[in-house]
Amino acid sequence: MTVAAVIGAQWGDEGKGKMVDMLAEKAKYVVRFSGGDNAGHTVVNPHGEFVLQLIPSGIFYPTTTCIIGNGVVVNPATLLKEIDTLNSRGIDTSRLFISDRAHLIMPYHMLIEKLEEEALGDKAIGTTLKGIGPAYVDKVARTGIRAGDLLDKKYLKERLALALNNKNKIITKIYGKPALSLEEIYTQYCRYADQIAPKIRDITAMLAEAIERKEHILLEGAQGMLLDPDFGTYPFGTSSSPMAGGACLGAGISPNKLDHILGVFKAFQTRVGAGPMPTEINDETGAMIRERGHEYGSISGRPRDCGWFDAVAARLSARVNGFTSIIITRLDILDVLPSLKICTAYKLDGKTIDYFPASIAALDKCQPIYEELPGWEKPTSNARTFKDLPAKAQKYIKRLEELIGCTASLISVGKRREDTIVRKAIFS
Ligand code: IMO
Ligand code: MG
């Protein structure tokens, strides 16, 4: 039995979906543990190309059970649409279950987020406007509504009335907008309840039994460590923990059960939304990487900022997550570059620093210090072993491993499952 967590190690969009789709072949369970439909996990496999927002990327295997964990916030409308889309493309979703403890995204979460982001003007976070932040606020404020509440409509109405009373004050009195209707939301969520109820379960029991039976479990991260509310570029981040610690909390699995903590890094890096990324490439090389890698939001279509690999941020990521190994993705996107830069330290107020500052004000001033490596200028997509890679690509990977302090168990050189160099099997 092995429990492996796939963790976004940068600012999200590292290619977690592809890796989970590949690794899930041997997993009995795949569990999403954080975020909500702010995620966009692109999967290309023999069934076609898919972008998953809530449903775990293990859904394509008939023997894998997929779970939306307690740490996820669920928009029932997105979930039902995703189920429909998968079903219409021939993918069976009968093995999908939702934790009774997962919180629900409500219409007022989306509305309030939009009003808040508009009010922030040029200080906006640049969120995905899916209501993610406000749903987690309610979870912590103890005014949230959980998937399990859908199973008791009287209780659902009580909880909704309590929450909406307060939200409508914010909507009308602070923002001067019309109040939302209790009856309308209640009726809508009763309809969702009828459709989703059979999938709502006590997940802790399911996973405990799986562990007992010594079955493989894969925990699928969303977002990336640099969007974490504690260790990311606060306040420019998301509202749940995408980290290894978040995986245990959001799936209900003890930390002592994690065998592998896999940090997924792009061979370069990207970010969407507002907030600093010190190694952003603002010239034609950045634009070229964006076009070659089609680095646009998989749901929103927003262009992603592209940057050189930041080993300062990566070291923090490795330290606070405790990666047992790393996964390097999108190596092939760099195939045409004559030379590559890696940021090894920052210059801050005339001093060289080797740590990732907590403060955005400091991070905004950080100038990356680069080391330059020659590009390999050869295709890598056909490589299936580390030795198949051009010598200069091997050198680049080795340098990343050295700087992060962790070896790469998997290297992705293309979109498909088979476009992967497996140096160490995760589930044996
Ligand atoms: P995956 O799982 C990249 C970013 C948003 C914004 C910030 C806060 O595909 O890697 P939110 O809507 O979460 O409150 O927005 O976080 N963000 C992501 N960026 N990949 C993601 O998910 C993201 N999920 C949220 O762009 O900057
Ligand atoms: Mg994504």
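Reading the values: the criteria
- Residues numbered from 1 in each chain as written.
- Chains lettered and ligands numbered in written order.
- Predicted model: local features only at pLDDT ≥ 70, side-chain atom pairs only at ≥ 80, totals over all residues.
- Heavy atoms only, no water.
- Domains from an automatic or database assignment.
- Contact = heavy atoms within 4.5 Å.
- Buried area = accessible area lost by both parts, 1.4 Å probe.
- Salt bridge = Lys/Arg side-chain N within 4 Å of Asp/Glu carboxyl O.
- Polar contact = N/O pair within 3.5 Å; in protein donor to acceptor, adjacent residues only side chain to side chain.
- Helix = DSSP H or I, 4+ residues; strand = E, 2+ residues; numbered from the N terminus.
- Axes fitted to C-alpha atoms, helices over the stretch in contact; angles between N-to-C directions.
- Parallel < 35°, antiparallel > 145°, perpendicular 65-115°, else oblique.
- Left-handed = near helix turned anticlockwise from the far one by under 90°.
- Nonpolar A, V, L, I, M, F, W, Y, C, P; charged D, E, K, R; others polar.

Let's shift gears to the domain arrangement of the chain. One can read the domain layout of the chain as domain 1 (3-102 + 199-260), domain 2 (103-196) and domain 3 (265-422). Between domain 1 and domain 2, the C-alpha centre-to-centre distance is 23 Å. With 29 residues of domain 1 at the interface, the matching set in domain 2 holds 24 residues. Approximately 2100 Å² of surface area, both sides summed, lies buried where domain 1 meets domain 2, with 65% of it carried by carbon and sulfur atoms. Seen at the junction of domain 1 and domain 2, the total is zero salt bridges. Our count for the contact surface shared by domain 1 and domain 2 stands at nine residue pairs in polar contact (both at pLDDT 80 or more). The leading source of residues in the side of domain 1 that touches domain 2 is helix H2 (residues 76-88), at four residues.

Let's shift gears to the packing of helix H5 (residues 153-174) against helix H6 (residues 182-196). H6 packs onto H5 with a crossing angle of 140° between their chain directions and a minimal axis gap of 10 Å. As far as their axial angle goes, H6 and H5 are oblique. For the element pair H5 and H6, the recorded crossing hand is right-handed. Here H5 contributes Lys153, Leu156, Lys157, Leu160, Ala161 and Leu164 to the contact with H6, which in turn contributes Leu182, Glu183, Ile185, Tyr186, Tyr189, Cys190, Ala193 and Asp194. A class-by-class count of the residues in the contact of H5 with H6 yields ten nonpolar, no polar and four charged.

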